[in-house]
Amino acid sequence: MNAIVGVSAEKPVTSAADVFLEMNGIEKSFPGVKALQGVSFSVGRGEVHGLVGENGAGKSTLMKILSGAYHADAGTLVLSGETITAPTPASMIDRGVAVIYQEFAQAEHLSVAENIFMNRLPRNRFGRIDWKTASREAMHAMDRLGFCIDPRRLVGSLSVAQRQMVEIARAISRNARLIVLDEPSAVLGDTELEKLFRTIRTLQAEGVAFIYISHRLKEVFELCQKATVLRDGKLVSTRPIAEWTTDSLIQCMVGRPIADYFPQRNARPGEEVLGVSGLSRGKALKNVSLSLRKGEIVGICGLAGAGRSELLRAIVGRDPIEGGEIRLHGKVRRIASPRKAISLGIGFAPEDRKTEGLFLSQSVRFNVTISRLGNFGSTARLNLGKERVSVRDYVRRLRVKTPEIDTAIGTLSGGNQQKCVIAKQLNARCDVLLIDEPTRGVDVGARREIYELLVDLVEREGLAVLMVSSELPEIIGMCDRILVMREGEIAAELPRGASEEEIMKHATFN
Amino acid sequence: MASPNTMIETEERRFRLALPKGAGLIWVLAGLCILATLLSSSFLNPVNVMNVMRQVALFGIVSVGMTFVILTKGIDLSVGSILGVCAVTTALLLVGGWPVAAVVPLVLLIGVCMGALNGLGITLGGIPPFIMTLGMMVMGRGLALTLANGQPVGLGARAADFMWLGRGAMLGVPVPVWIFAAVAAIAIYVLRYTAYGRQIYAVGSNAEAAHLSGIDVGLVTFSVYVVSGFLASLTAIIFVSRLTVGEPTAGTGIELEAIAITVIGGTSLFGGEGGILGTIIGAGILAVLANIMNLLGISPFTQQIVKGAIIIGAVLYEMLRKRRARH
Ligand SMILES: Nc1ncnc2c1ncn2[C@@H]1O[C@H](COP(=O)(O)OP(=O)(O)OP(=O)(O)O)[C@@H](O)[C@H]1O
Ligand SMILES: [Mg+2]
């Protein structure tokens, strides 16, 4: 361990003149949590700096301090040699720092162009907003990123991936010198990510620096020149990328080695629990049929927009279906609402935990137990003691990092929120679990825990899991069968062990 | 290079410490009571104390219903008019010779139905709560005035066997206060210890997540307006009993009072946060404040100005506290 700690202090990799950002001795506490302790960190001009660490390590908090959204309890912030006192979001943007948050907020009722320019919309000489120029420049900014959206479209109508691109276009149009990307790969599909990487490299050549946060270490190795590891609010190590290996990075993040990435599978599927035939819904779903057996994990993959999430939403009755039938344990069922689905034993963990999965202002306890309160006494007389015991148990089993079970779930780090989403499904005691992006934003250690948990539930308790994921390794490593979707249809069914190439071949049209 | 403390924000920390949570409101109430005692010798006079308590009870009951509604991110502007309709019908039925044992449930049923109408409009009709209950407010007042022919309906001889509810006392405590205590206790229990209570918070904090969590969002939303209508009619009965007259204008403006009490009590207008304890204290604060001003002989016009300022202040305070907590 000693060999790793403190490298940055011993041999500075960048010389002082090249340093764009320097953060020294940053401290930040929240009630019950020391989120950051004495973090010192620097980024050079034109450098892509990877920032990694477990869920709740403090990555997003550090970036919020950098953007001026949070105020540090102690420490200094130096930009191009100038010490910044009392940073505010507006002043940091002016200084060329653009942070694209993990949970970013956009003005949904404004157009793409308006979002890109916000309060800097070009005006003509009469002071009126010049929409033509605005559109043109918005197009230009998006062009540089290699994507194209009608600048007049409302941001609320875009996919999460498109919104992320709009955010980046906004940063670029403001001539940002340092762009922070907080887990972009949690929302972008593979093709979009590729485009993003190309853009990063182009901008990097122009001297723009990046801080890139991700739980997918592969990306860090692909993109970054340096990587910094945070653990429990402390900076553990900063090193040039060549001095890291995946294993050393993981070991450094987690503090212990992580065994084989995917747990051993030992599938013995039983009879069919969920059967879907001829499911249709407008253009989103065309005649989809599938079968899910007891003790089986079936993966659904495909490009963004292929209808994966729509399929899950249609099965649980969130979106009405236009044709087809759903069988549960051999019986045809009409599932008109998620309520009905839950009562039939179908659990659903939606894709977007912030807007669909969680009650952000409520406690961890509230969130975990809400969909089946009957577990704790009768619904007319909840046994709060029993509820607490049970939630504490989930928190321990899933290693959710939270000061208390009564902490508002919105203050937890992204990955820990996701663990609570899973705890909620466990509490709902379903025998079919539909889960959309199970490990989005979850760190390596916790990911492994979630995989183990799912496999354990499947093999010991006969749970049947239908899992949508954009991460092919996860699909390949976990699933007994793989369904590839394309344009609302099931394009192929592949057995366990299919290769990424094979999946991609069916997912893309050729 | 500047000192490493450049970013420490001492003022902000001090400020943060100075802002108590919802429960801290009890100290505001206690402070007001002490102030009242100092300002006027008659504040602690038993008759005055009884009066204040009755006031708290009447506004409190309506506010409990309002709290349920606001917790779901809704609003109910029609409680005053429901109260008016129910007050008039109570008086008319009594004068018409109906027995008290029949009048009370019948009037409560009217309140429930009017609340249900609100609920249906909002859930099935998809009308925003503000508009639906505004319409009901106007309609209800019209109905009350029509039924009463624009005149107060006196109870006459029937007053004697009906006065107990509003004017009576048990163990030295006014009956309305007992009723309020029972209503509040049930409400606290429901919100804390039943699945239904949780669902109210769930609907208010994120309706989409509530739907996906298997909650019947429409039913929960519908129900809170029913509760609100029911409690408005209960208040109407106490009103008539206390005044021995059913005024068609009874309850005018009580919706604003109830919203103010709920908000002062720390329930968020954005839904999902708050509770009954705050509302009880909120009712206490407004009642004591009004009482102080009455005792000091401040004109009712000035009182309105003060009350309005306090509502704005309370909301501002709550938002400030939250903003501090977030950073
Ligand atoms: N506003 C807040 N209020 C209270 N606690 C907070 C707040 N923001 C963050 N925290 C806590 O600070 C710690 C660090 O959180 P942070 O979001 O920075 O983690 P992270 O490294 O970004 O994790 P992830 O990979 O899951 O996104 C966590 O324990 C979190 O619960
Ligand atoms: Mg984060």
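None of the values given here were measured: they were computed from a predicted structure. Numbers given for residues are sequential positions, taken from 1 along each chain in its written order. Chain labels run from A onward and ligand labels from 1 onward, assigned in the order the entries are written. In keeping with the predicted nature of the model, local features appear solely for residues at pLDDT of at least 70, side-chain atom pairs appear and are counted solely at 80 or more, and the whole-chain, interface and lining totals rest on all residues. With hydrogens and water excluded, all non-hydrogen atoms of the structure serve as input to the side-chain values.

J.: Can you walk me through the overall build of chain A in this structure?
T.: Strands are runs of DSSP state E lasting at least two residues, helices are runs of H or I lasting at least four, and both sets are numbered from the N terminus onward. Counting secondary structure elements, chain A contains 18 helices and 22 strands. Over its C-alpha atoms chain A spans a radius of gyration of 24 Å, differing by no more than 12% from the 24 Å that the globule rule assigns to 510 residues. Over its C-alpha atoms, taken along the principal directions, chain A stretches across nearly 70 × 55 × 50 Å. Across the 510 residues that make up chain A, the buried fraction comes to 57%. If you take every contact in chain A between residues at least 6 apart in sequence, the share linking residues at least 24 apart comes to 67%. Radius of gyration here uses only the C-alpha atoms, and the compact-globule reference equals 2.2 Å multiplied by the residue count raised to the power 0.38. Each residue is placed in one exposure class: buried if its accessible area under a 1.4 Å probe, protein chains only, is under 20% of its type's maximum, exposed if it is over 50%, and partly exposed if it falls in between. Here a residue-residue contact requires only that any non-hydrogen atoms of the pair lie within 4.5 Å.

J.: Hey, could you run me through the environment of Arg 170 of chain A in this one?
T.: All names here are of chain A. Relative to the assigned elements, Arg 170 resides in helix α6 (residues 160–173). Taking C-alpha positions, Arg 170 is 9.7 Å from Glu 114, a pair spaced 56 residues apart along the chain. Setting aside its immediate chain neighbours within four residues, Arg 170 contacts Asn 115, Ile 116 and Met 118. For Arg 170, the side chain forms a polar contact with the side chain of Glu 167, separated by 3.0 Å. Throughout this description, a polar contact denotes any pair of N or O atoms lying within 3.5 Å of each other; where both atoms belong to protein, one of them has to be capable of donating a hydrogen while the other can accept it, and for residues adjacent in sequence the pair is counted only when both atoms sit in side chains.

J.: Honestly, the side chain of Asn 427 of chain A in this entry has me stumped. Any pointers?
T.: Residues and elements named next belong to chain A. In this fold, Asn 427 is placed in helix α15 (residues 414–427). Of note is the side chain of Asn 427, whose polar atom sits 3.4 Å from the backbone oxygen of Arg 372. Each residue touching Asn 427, except ones within four places of it in the same chain, is listed here: Val 368, Thr 369, Arg 372, Asn 375, Phe 376, Ser 390 and Tyr 394.

J.: How should the UniProt feature "transmembrane region" (unreviewed entry) in chain B be read in this particular structure?
T.: Residue and element names in this part refer to chain B. Those residues carrying the UniProt feature "transmembrane region" (unreviewed entry) are residues 23–44, 56–75, 82–101, 107–131, 168–191, 222–240 and 276–298 in this numbering. In the segment residues 56–75, helix accounts for 80% and strand for 0%; the C-alpha atoms at its two ends are 21 Å apart. Strand forms 0% of residues 82–101 and helix 80%; the C-alpha atoms that close the span are 21 Å apart. UniProt positions are given in the numbering used here, feature names are shortened, and annotations may be inferred rather than shown by experiment.

J.: Can you help me understand the UniProt feature "domain: ABC transporter" (unreviewed entry) in chain A in this one?
T.: Taking the numbering used here, the UniProt-annotated feature "domain: ABC transporter" (unreviewed entry) corresponds to residues 21–257 and 268–507 of chain A. Structurally, residues 268–507 of chain A comprises 36% helix and 27% strand, and the distance from its first C-alpha atom to its last is 28 Å.

J.: I keep staring at the site of ligand 1 and nothing clicks. Help me out?
T.: In this text, near means that some heavy atom of the residue lies within 4 Å of the molecule or strand in question. The local shell around ligand 1 holds 21 residues, among which Asn 55, Lys 59, Ser 60, Thr 61 and His 215 of chain A are the closest. At the site occupied by ligand 1, nearby residues are drawn from chains A and B. Between ligand 1 and Ser 60 of chain A there is a distance of 2.7 Å, counted from an oxygen atom to a side-chain nitrogen or oxygen. With respect to ligand 1, the side chain of His 215 of chain A contributes an N or O atom lying 2.8 Å from an oxygen atom. For the shell around ligand 1, the elements supplying multiple residues, two or more each, are β2 (33–44), α2 (59–67) and α15 of chain A. With three residues, the top contributor of residues to the shell around ligand 1 is α2 of chain A. Note on residue classes: Ala, Val, Leu, Ile, Met, Phe, Trp, Tyr, Cys and Pro are nonpolar, Asp, Glu, Lys and Arg are charged, and everything else, Gly too, is polar. Its residues assigned to classes, the shell around ligand 1 shows six nonpolar, 11 polar and four charged.

J.: Would you take a moment to explain helix α5 (residues 131–144) of chain A for this structure?
T.: In an α-helix, one full turn covers 3.6 residues, which means residues spaced three or four apart are oriented alike. All names here are of chain A. Along its 14 residues, α5 runs 20 Å from first to last C-alpha, staying within 8% of the 20 Å computed at 1.5 Å per residue. All buried positions along α5 are accounted for by Thr 133, Ala 134, Ser 135, Ala 138, Ala 141 and Met 142. Buried residues belonging to α5 abut α4 (112–117) and α6. Phi turns positive one or two residues past the end of α5, at Gly 146, with a value near 75°. Any helix carries an expected span of 1.5 Å times its number of residues minus one.

J.: I keep staring at the environment of Arg 365 of chain A and nothing clicks. Help me out?
T.: The residue Arg 365 of chain A is located in helix α13 (residues 364–369) in this model. Its relative accessible area of 13% is what places Arg 365 of chain A among the buried residues. The sequence separation of Arg 365 of chain A and Ile 84 of chain A amounts to 281 residues, and the corresponding C-alpha distance is 40 Å. If sequence neighbours within four positions are ignored, Arg 365 of chain A has contacts with Leu 384, Glu 387, Arg 388, Val 391, Ile 405 and Asp 406 of chain A together with Arg 198 of chain B. Polar side-chain contacts of Arg 365 of chain A include one of 2.9 Å to the side chain of Asp 406 of chain A.

J.: Even after reading the chapter, I still don't get the packing of helix α9 (residues 195–205) of chain B against helix α11 (residues 217–243) of chain B, so can you show me in this structure?
T.: The description of two packed helices rests on the angle between their axes and on the distance between the axes. Residues and elements named next belong to chain B. Close contact between α9 and α11 brings their axes to 10 Å; oriented N to C, the two are set at 105°. With respect to each other, α9 and α11 are oriented roughly perpendicular. Counting all contacts with α9, which are made through Tyr 196, Gln 199, Ile 200 and Val 203, the residues of α11 involved are Val 217, Val 220, Thr 221, Ser 223, Val 224 and Val 227. Along the lines of polarity and charge, the residues of the contact of α9 with α11 split into seven nonpolar, three polar and no charged. Lines fitted to C-alpha atoms define the axes here, with helix axes fitted over just the stretch in contact, and angles between the N-to-C directions of these axes take values from 0 to 180 degrees. Here the angle decides the label: under 35 degrees means roughly parallel, over 145 means roughly antiparallel, 65 to 115 means roughly perpendicular, and every other value means oblique.

J.: What is the right way to look at the interface of chain B and chain A in this model?
T.: How large an interface is tends to be reported as the accessible area lost when its parts come together. Contact residues are listed per partner, giving 34 residues for chain B and 46 residues for chain A. A salt bridge links Glu 208 of chain B to Arg 318 of chain A; the nearest nitrogen and oxygen atoms lie 2.7 Å apart. Taken together, the links from chain B to chain A amount to 11 residue pairs in polar contact (both at pLDDT 80 or more). With six residues, the top contributor of residues to the side of chain B that touches chain A is α9 of chain B. We define a salt bridge as a contact between a side-chain nitrogen of Lys or Arg and a carboxyl oxygen of Asp or Glu at a distance within 4 Å.

J.: Explain α11 of chain B here, please?
T.: Residue and element names in this part refer to chain B. Along its 27 residues, α11 runs 40 Å from first to last C-alpha, staying within 8% of the 39 Å computed at 1.5 Å per residue. Across the 27 residues that make up α11, a large majority, 20, are buried. Thr 244 sits one or two positions beyond α11 and adopts a positive phi of about 50°.

J.: I would appreciate a short explanation of the nonpolar core in the present structure.
T.: Here, nonpolar core means buried Ala, Val, Leu, Ile, Met, Phe, Trp, Tyr and Cys residues that are tied together by side-chain atoms lying within 4.5 Å of each other. Among the nonpolar cores identified, the biggest contains 97 residues, and Val 64, Phe 68 and Ile 179 of chain B are the most heavily contacted of them. Those residues in contact with Ile 179 of chain B that lie beyond four places of it in its chain are Ile 61, Leu 165, Leu 234 and Ile 238 of chain B. Met 142, Leu 203, Phe 210 and Val 220 of chain A belong to the second-largest nonpolar core, a separate cluster that totals 53 residues.

J.: Would you take a moment to explain the sheet that holds strand β14 (residues 323–328) of chain A for this structure?
T.: Adjacent strands of a sheet form backbone hydrogen bonds with each other and so pair up, either parallel or antiparallel. Residue and element names in this part refer to chain A. Pairing within the open sheet is antiparallel, and its four strands lie in the order β12-β11-β14-β15. Every interior strand has two partners, whereas the edge strands, β12 (285–293) and β15 (331–333), have only one. With direction set aside, neighbouring strand axes in the sheet form an average angle of 20°. Strands were regarded as paired on the criterion that DSSP finds at least two bridges between them. Across six bridges, strand β11 (residues 272–281) lies against β12 in antiparallel orientation. When the sheet's bridge partners are listed, Arg 281 is paired in β12 with Leu 285.

J.: What am I meant to see in the sheet that holds strand β4 (residues 74–79) of chain A here?
T.: Residues and elements named next belong to chain A. Pairing within the open sheet is antiparallel, and its four strands lie in the order β2-β1-β4-β5. Edge positions in the sheet fall to β2 and β5 (82–83), since each of these pairs with one other strand and no more. Against the sheet, α2 engages β1 (19–30), β2 and β4, with an angle of about 115° to β1.

J.: Which parts of the structure should I look at to understand the packing of helix α3 (residues 46–71) of chain B against helix α12 (residues 254–264) of chain B?
T.: All names here are of chain B. For the pair α3 and α12, the least separation of the axes is 8 Å and the interaxial angle reads 70°. Taken together, the axes of α3 and α12 are roughly perpendicular relative to one another. For the crossing formed where α3 meets α12, the hand is right-handed. Seen from α3, the contacting residues are Phe 59, Val 62, Ser 63, Met 66, Thr 67 and Ile 70; seen from α12, they are Ile 254, Glu 255, Glu 257, Ala 258, Ile 259, Ile 261 and Thr 262. Split by residue class, the contact of α3 with α12 holds eight nonpolar, three polar and two charged. Helix crossings get a hand from a simple test, with the near helix turned counterclockwise from the far one by less than a right angle marking a left-handed crossing and a clockwise turn marking a right-handed one.

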